[in-house]
Amino acid sequence: MDSILSLSNVSKSYGNFPVLKGIDLDIRKGEFVAILGSNGAGKTTLVKIMSTLSSPSEGVVEISGHNVADDPASVRSMIGVISHETHLYNDLTAEENLRFFGKMYGIRGDGLEDRINELLEQVELSGRSDDRVVTFSRGMKQRLSIARSLIHEPQLLFLDEPYTGLDQHASRTFEKVLQDLDPKDTTRVMVTHDLIRTFQMCNRVVILDHGRIVFDSPMSDVGSAEELKEIYISNVKSHSSI
Ligand SMILES: Nc1ncnc2c1ncn2[C@@H]1O[C@H](COP(=O)(O)OP(=O)(O)OP(=O)(O)O)[C@@H](O)[C@H]1O
């Protein structure tokens with residue numbers, strides 16, 4: 001399969017403190033990659049660099065052959081990001097938020113309205129489409145943020161602990177949204193601490209420890225969630241987060 005995301009010798013330091021150290025990673029179209037690691041391992045920093053929200057101190061990031069540093073605008077139209085920050089406007093309604101982001105990506109007319117309705121239904125917010133986001137609970141904001149990230153049908157979706165704030169029902173709804181994405185159309189990279197979900201959903205696992213990749217394997221080579229936990233523990237020097 002073709003490569004969609006490639007990192008060569010990517011490093012990042014904050015002042016004198018190195019957070020990422022010489023990361024080489026190649027992600028192929030259609031993969032669902034989990035990035036695991038303990039608190040402070042550098043996972044969010046890595047995702048921010050992959051998704052153009054932060055620049056590396058050294059190294060090159062390419063998305064579909066575009067160098068992210070030279071051509072961030074082209075790259076942004078190809079990617080979606082779900083993180084702790086919802087990037088929603090509190091004073092706009094759910095529908096107005098999605099319309100705003102859709103237009104930003106150049107989607108217009110009936111196509112945009114259909115897409116908004118489809119996504120609101122998928123994240124089970126159709127009944128609240130005309131309510132302002134300021135009246136939403138945290139979990140509802142997170143669900144709308146999921147719809148926002150998918151409005152332009154991104155080829156590459158980054159998920160940084162996407163289950164934060166979702167209750168059991170909303171987590172299942174979200175899993176269904178994720179599973180309904182055709183892997184041919186959407187490559188996924190997810191940071192998570194949830195080893196059971198990782199084992200069930202992802203087809204590749206990358207473990208980061210102290211800013212380096214210490215394990216990278218297809219999930220088909222991992223026998224069970226229990227085995228994944230053992231692999232995690234044996235590869236991570238401090239494992240307070242599991
Ligand atoms: N803007 C910043 N300025 C200075 N240091 C930072 C900044 N952002 C992150 N760091 C530091 O970089 C290291 C890696 O942080 P990062 O958020 O990438 O970790 P993480 O693996 O995502 O952790 P967690 O599991 O807790 O979310 C931490 O030591 C953190 O304190």
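Note that the structure is a prediction, hence the values are computed from the model and not measured.

1. What to know about helix α4 (residues 109-122)
The end-to-end C-alpha separation of α4 is 20 Å, in line with the 20 Å expected for 14 residues at 1.5 Å each. Looking only at α4, the buried set comprises I116, L119 and L120. Summarising the axial view, the buried residues of α4 lie within an arc of 100°, below the 170-degree limit, and thus occupy one face. Facing away from the buried side of α4, by more than 90 degrees, are the exposed residues D110, G111 and D114. On its buried face, α4 is in contact with α3 (94-104) and α5 (138-150). The first or second residue beyond α4 is E124, which carries a positive phi of 60°.

2. Things to note about the site of the ligand
Taken together, 11 residues form the shell around the ligand, and within it Y14, N39, K43, T44 and T45 come nearest. Considering every element that reaches the shell around the ligand, the biggest residue donor is helix α1 (residues 43-50), with 3 residues. Looking at the shell around the ligand, its residues break down into 3 nonpolar, 7 polar and 1 charged.

3. Examining the environment of I196
Summarising the element assignment, I196 is placed in helix α7 (residues 195-201). Look at I196 and you get partly exposed, because 13 C-beta atoms sit within 10 Å. Between the alpha carbons of I196 and Q142 there is a distance of 21 Å; along the sequence they are 54 residues apart.

4. Observations concerning the sheet that holds strand β9 (residues 204-209)
The sheet built from 6 strands is open, its strands ordered β6-β7-β8-β3-β9-β10 with mixed pairing. At either margin of the open sheet sits one strand with a lone partner, and together these are β6 (79-82) and β10 (212-218). Here the strands of the sheet are splayed against their neighbours by 15° on average, with no regard to which way each runs. Where strand β3 (residues 32-36) meets β9, 4 bridges bridge the pair, whose relative direction is parallel. Paired with L36 across the strands is I207, a residue of β9. Relative to strand β8 (residues 187-191), α1 is tilted by about 150°, and along the sheet it contacts β3, β7 (156-160), β8 and β9.

5. Some thoughts on unusual backbone geometry
Here N9, not a glycine, exhibits a phi torsion of approximately 50°, which is positive. Along the polypeptide, N9 turns up in strand β1 (residues 3-14). A positive phi is found at H87, a non-glycine position, where the angle reads about 55°. Along the chain, H87 falls in the loop between β6 and α3.

6. A short note on the UniProt feature "domain: ABC transporter" (unreviewed entry) in the protein chain
Within this numbering scheme, the UniProt entry marks residues 5-235 as carrying the feature "domain: ABC transporter" (unreviewed entry). A helix fraction of 35% and a strand fraction of 27% characterise residues 5-235, whose end C-alpha atoms lie 24 Å from each other.

Basis of the calculations
- Residues numbered from 1 in each chain as written.
- Predicted model: local features only at pLDDT ≥ 70, side-chain atom pairs only at ≥ 80, totals over all residues.
- Helix = DSSP H or I, 4+ residues; strand = E, 2+ residues; numbered from the N terminus.
- Expected span 1.5 Å × (residues − 1).
- Buried ≥ 20, exposed ≤ 12 C-beta atoms within 10 Å, placed from the backbone.
- Arc of directions from axis to C-beta.
- Contact = placed C-beta atoms within 7 Å.
- Near = placed C-beta within 6 Å.
- Nonpolar A, V, L, I, M, F, W, Y, C, P; charged D, E, K, R; others polar.
- Pairing = 2+ DSSP bridges.
- Axes fitted to C-alpha atoms, helices over the stretch in contact; angles between N-to-C directions.
- UniProt positions renumbered as here; feature names shortened; annotations may be inferred.

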